[in-house]
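Structure at a glance
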Amino acid sequence: MPASPLPRPPCSWVFALLLILALLVGAPRAGAQGAVVAMGGAVRADSPMWAEVVRLAGGPGARFVLFTMSSSDPDGSAESLARRVRPHGAQVTHVAGGPRSGDVAAAVRDARWIAAVDEAQGALFAGGDQNLVTRTLAPGGVATPLLEALQRLLARGGVVAGSSAGAAIMSRRMFTGGDPLAVLQGRERGPVVAAGLGFVDAPVLVDQHFVARGRIGRLLPTLLAEGLPFGLGVEEDSGVVLRGRGDALEAEVIGARGVLVADMREARRAGPAAATWHLQGARLAWREAGDRLHLSSGRGTPSPAKAAGRRVAPPPADFRPYWRGPVFFADMLAAGTLVQAMAQLVDSPRSEVRGLAFDALAPGRDERDDLGFEWILSRGADTSAWNVGAAYTVAGVRLEVRPVRMARPLFTPWR
C-alpha cells in the first residue's frame, strides 16, 4: 500500500506551521481554472488518458492524492492507480480511510490527509461503489474538511479525476444505480440518483460505462425527472475534461471511444403525467477524442482529424452514403447500438432510423412485461456529422422514445 510521505507531526505548532506553508504553496492563483476529468471505466493501463491527467496537473513531479474508499480492495486499487500515473512522472499519496478501512469520521478530519491534499496538484478517484465516496466525504450532504480541501485544490487550478464510480461523483447529482430498461418502464425500486460531490458546478448529470451498458435508458428519464438540461454519458476507456462552471462549462473528449451528450432543453414528456413514459424533443450528440463542446450553447467543434475528414451531414453535393439498405435495431440498449444507430442515420439516404428496447424474456405475469419502447432517431436542420474510417462525430440528432405494446409470444417456431 502506498504510504503517506507526510510524517505525523510531533506537536500541534509544528503541524500548524506545515499547514500554513502548504496553503501558501497551493494558494489559489489569479485566473486559475481547475479541470475535472471524468473517465467512463474499463480504462486500459496504457491509455493516453493517464498521461493527460498528469499533464493537466503540471506534468512530471505533480503530486496526486489517491482516493479508493469506493473499492472492495482499497489498497490494491491504490497500487493499481499508482502504476498508471507514476510512469508519467506523478508522485502519489494514498489517502487511507473509508467505510472499509477504518474510522471514517477521523479520516476525513485527519491533518495528514488534509495537508496532503493542500500540497497536491491533483486528486484521483478509483472505481467501485460511488455511494461509499459520498458517505465518506459528504455524509448527509455536509462537506467534510477533506472534501473542502479537494474543493480548494480545484479552485487553485488543480485536477480532480476519476474513473467509473470516480466519474459518477463529479456532478451535483449522481446515479446510485438503476437498470436502464426498468427505469424506462417505471419499475425501478429505490432511488436512482442522490447528491454527488459537485466538482462539476453546472446543471449536468455524468454517467459512465455508458454505451457498453445501455445506460441511455436510465439517463433520459432521470434528466427529465430532475429538471436537468444536459447529460454526459462517458463510454468505457474514454473521458471528458471539463473546465469552467455554469453556462461557461467547456468540455473536451479524450480516450479511445467517446461521450454521448443528451440535450434536454426542448425535451418534454408527452401525454398525461400518469401515462407510461413517452419522450419527445430530446437531442443527442456523439463526440470523440479531440472534439470540443460549449455545453450551454450546444455548439461544438470536431477534432482537427475529423474536420479534415469526410463530412456526411449536412450531406454535400457529392454525398455517397455508406449504408443504403433498411435499418432497424432490435435492441437499442445493447452495447454500442445507440452510437451505431446515429452513424447509420447520418451516413445513409434516410431521414430517420428506428429500433426497440424491451425484455424478450419477461414472464408475462403483469402488464408492464409487455411494455417496450420504440426509439426514433431523425435528422434536423442543424444535424452535422464527420467521419474518419469507422469513427464518427455526430451532433443535432432528434430523438423520440414512445411506449409500445410487445406481442406475446414475440415469435413462434417456423412450421
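The shown structure was predicted, so the numbers you read here are calculated from the model rather than taken from an experiment.

Time to look at the overall build of the chain. Scanning the chain from terminus to terminus reveals twelve helices and 22 strands. Compactness check: the chain gives a C-alpha radius of gyration of 23 Å against a globular reference of 22 Å for 415 residues, within 12% of the reference. The dimensions of the chain, computed from C-alpha atoms along their principal axes, are 80 × 55 × 40 Å. Here the chain holds 415 residues, and 53% of them are scored as buried. Long-range contacts, defined here as pairs at least 24 residues apart, represent 73% of the contacts in the chain between residues at least 6 apart. Here the chain has roughly 18,000 Å² of accessible surface; of this, 54% comes from carbon and sulfur atoms.

With an omega dihedral of -5 degrees, the bond running from Ala313 to Pro314 counts as a cis peptide bond. One non-glycine residue with positive phi stands out, namely Asp237, at about 55 degrees. Mapped onto the fold, Asp237 is located in the loop between β9 (230-234) and β10 (238-243). Classification of Asp237 as buried rests on a relative accessible area of 9%.

Take the sheet that holds strand β5 (residues 159-163) next. Ordered in space as β3-β2-β4-β5-β1-β10-β11-β15-β16, the nine strands form an open sheet in which the pairing is mixed. Only two strands of the sheet have a single neighbouring strand rather than two, namely β3 (91-94) and β16 (299-301). Averaged over all adjacent pairs, the angle separating strand axes in this sheet is 20 degrees, with direction ignored. Packing of helix α5 (residues 111-119) onto the sheet brings it into contact with β2 (63-67) and β3, and relative to β2 it is tilted by some 135 degrees.

So, about the pattern of salt bridges. Tallied over the full model, the rule gives 26 salt bridges. The salt bridge partner of Arg213 is Glu236, with a shortest N-O separation of 4.0 Å. With Arg213 in the loop between β8 (204-208) and α10 (216-226) and Glu236 in the loop between β9 and β10, this pair connects stretches of sequence that are 23 residues apart. The class of Arg213 is partly exposed, set by a relative accessible area of 44%.

This part is about the nonpolar core. Membership of the largest hydrophobic core comes to 50 residues, with the highest contact counts inside it found for Ile216, Leu220, Leu260, Met342, Trp375 and Leu377. The biggest single contributor to this core is helix α12 (residues 337-346), with seven residues. Leu377 has contacts with Met332, Leu338, Ala341, Met342, Leu345, Ser351, Glu352, Val353, Val397, Arg398 and Leu399, leaving out every residue within four places of it along the chain. One finds Phe67, Leu154, Val206 and Leu295 within the second-largest nonpolar core, a separate group that totals 48 residues.

Attention shifts here to the packing of α5 against helix α7 (residues 145-155). Running from N to C, α5 and α7 point in directions that differ by 5 degrees, and their axes come no closer than 8 Å. Here α5 is positioned roughly parallel relative to α7, judged by the angle of their axes. Residues Trp113, Ile114, Val117 and Asp118 of α5 form the contact with α7, whose participating residues are Pro145, Leu146, Ala149, Leu150, Arg152 and Leu153. Of the residues that constitute the contact of α5 with α7, the class distribution is eight nonpolar, no polar and two charged.

Here the focus is helix α2 (residues 48-56). Residues of α2 that are buried include every one of Met49, Trp50, Glu52, Val53, Val54 and Leu56, and no others. The positive-phi residue at the C-terminal boundary of α2 is Gly58, with phi of around 120 degrees.

What follows covers the confidence of the model for the chain. Averaged over all residues, the pLDDT of the chain equals 91, while 91% of them reach at least 70. This model gives residues 1-31 a pLDDT under 50, and the stretch forms 34 contacts once residues within four places in sequence are excluded.

Tallied over the entire structure, the rule returns four aromatic pairs. With a centroid separation of 6.3 Å and 40 degrees between ring planes, the pair formed by Phe125 and Phe199 is classed as tilted. Of the two residues, Phe125 is situated in strand β4 (residues 122-125) and Phe199 in the loop between β7 (193-195) and β8; the sequence distance between them amounts to 74 residues. Taking 4.9 Å as the distance between ring centres and 80 degrees as the angle between the ring planes, the aromatic pair formed by Tyr322 and Trp323 counts as edge-to-face. For Tyr322, a relative accessible area of 61% puts it in the exposed group. Taken together, the aromatic side chains of Phe67, Phe125 and Phe199 make up a single cluster linked through ring pairs. Over the aromatic face of Trp113 sits the side chain of Arg112, whose NZ or CZ is 4.4 Å from the ring centroid. Here the basic side chain of Arg218 rests over the ring of Phe175, its NZ or CZ set 4.2 Å away from the ring centre.

Reading guide: rules and limits
Residues numbered from 1 in each chain as written. Predicted model: local features only at pLDDT ≥ 70, side-chain atom pairs only at ≥ 80, totals over all residues. Heavy atoms only, no water. Helix = DSSP H or I, 4+ residues; strand = E, 2+ residues; numbered from the N terminus. Rg over C-alpha atoms; globule rule 2.2 N^0.38 Å. Buried < 20%, exposed > 50% of the residue type's maximum accessible area, 1.4 Å probe, protein only. Contact = heavy atoms within 4.5 Å. Areas by Shrake-Rupley, 256 points an atom, 1.4 Å probe, with all protein chains shown as cover. Pairing = 2+ DSSP bridges. Axes fitted to C-alpha atoms, helices over the stretch in contact; angles between N-to-C directions. Salt bridge = Lys/Arg side-chain N within 4 Å of Asp/Glu carboxyl O. Core = buried A, V, L, I, M, F, W, Y, C linked by side-chain atoms within 4.5 Å. Parallel < 35°, antiparallel > 145°, perpendicular 65-115°, else oblique. Nonpolar A, V, L, I, M, F, W, Y, C, P; charged D, E, K, R; others polar. pLDDT = per-residue confidence, 0-100. Phe/Tyr/Trp six-rings, centres within 6.5 Å; stacked < 30°, edge-to-face > 60°. Lys NZ or Arg CZ within 6 Å of the ring centre and 35° of its normal.

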